[in-house]
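Inside the fold
Take a look at the letters that make up each chain.
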Amino acid sequence: MAGNREQTQNEPAASAAVVLLSGGLDSATAAAWAREQGFELYALSFDYGQRHRFEIEAAQRIAQWLGVREHRVLRIDLSPLLHSALTGTEQVPRGRSLDAMSQGIPVTYVPARNTIMLSVALGWAEVLGAANLVIGVNAVDYSGYPDCRPEYVAAFEKLANLATKAGVEETLRFRVHTPLIRWTKGEIIRYGTERGVPYQWTHSCYDPDSSGRPCGQCDACLLRIKGFEEAGLKDPLCYPKA
Ligand code: ZN
């Protein structure tokens, strides 16, 4: 789709996309999907005071692997506002069953996170003249997050076209792409592996040790481990022995 079109430095292709890249497995896979669609990629990562700052380094390596046109890391410290286990001192739950994970909104929820991130992505997309936003949310394996649901994504897409000059003047028709939203973790991993996504660089753990090694017990680790099992593939990350 991108073809061999001539471009000047400040003129993105009509098919440019701003991709939210967290350094996790899902966002890396969603970005690989976007590249396969022929979108020219502009990656956006947030350093929001999260505990797992290794994710930012992972995002940088993945952005390089993707060959993005530009990667921005925005520092936005939300920690004074949050009581989430990802940014505060609350214990990250460990060893939970899938049933327990699907009950209610988990303690790892970060208030309004996807809305904050998508809003910044939207602003950058409008500046770039890019009509596409890509986010690796998933509503299958882990339905507790309100801002990972299809109805949320549809509402944000509507807002994007109402809330921007480019939307109102119809110079751009914004779309929010969520390629993974209905895939199981196993399907996500299989898709990404077939495209060579470097999962050895991705971070999923909510509670890694000081060198960034995953705990193997938090919800994110358990879902990732289960996903690789479902896909019949070996997770390149090393987990502590149980
Ligand atoms: Zn973990």
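Everything here concerns the structure above.
To start, this report covers the structure provided alongside it. None of these values were measured; they are calculated from a predicted model.

This brings us to unusual backbone geometry. Phi at A112 is positive, roughly 60 degrees, even though this residue is not glycine. Among the structural elements, A112 can be located in the loop between α3 (98-101) and α4 (113-128). Here E170, not a glycine, exhibits a phi torsion of approximately 60 degrees, which is positive.

The next point concerns the coordination of the zinc ion. Taken together, the protein donors to the zinc ion comprise C205 (SG), C215 (SG), C218 (SG) and C221 (SG), at separations of 2.2 to 2.4 Å. Classification of the site at the zinc ion as tetrahedral follows from its 4 donor atoms and the range of 103 to 118 degrees in their angles at the metal. Of note, the donors binding the zinc ion are all from one chain and are spaced C-x9-C-x2-C-x2-C. Pair noted here: C205 is in the loop between α7 (185-194) and α8 (219-231) and C215 is in the loop between α7 and α8, with a separation of 10 residues, a long-range link. A single burial state applies to C205 and to C215, both of which are buried.

Conventions adopted
Residues numbered from 1 in each chain as written. Predicted model: local features only at pLDDT ≥ 70, side-chain atom pairs only at ≥ 80, totals over all residues. Heavy atoms only, no water. Helix = DSSP H or I, 4+ residues; strand = E, 2+ residues; numbered from the N terminus. Donors = N, O, S within 2.8 Å, 3.2 Å for Na, K, Ca; no water. Tetrahedral: all angles 85-135°; square planar, octahedral: opposite > 155°, others 65-115°. Buried < 20%, exposed > 50% of the residue type's maximum accessible area, 1.4 Å probe, protein only.

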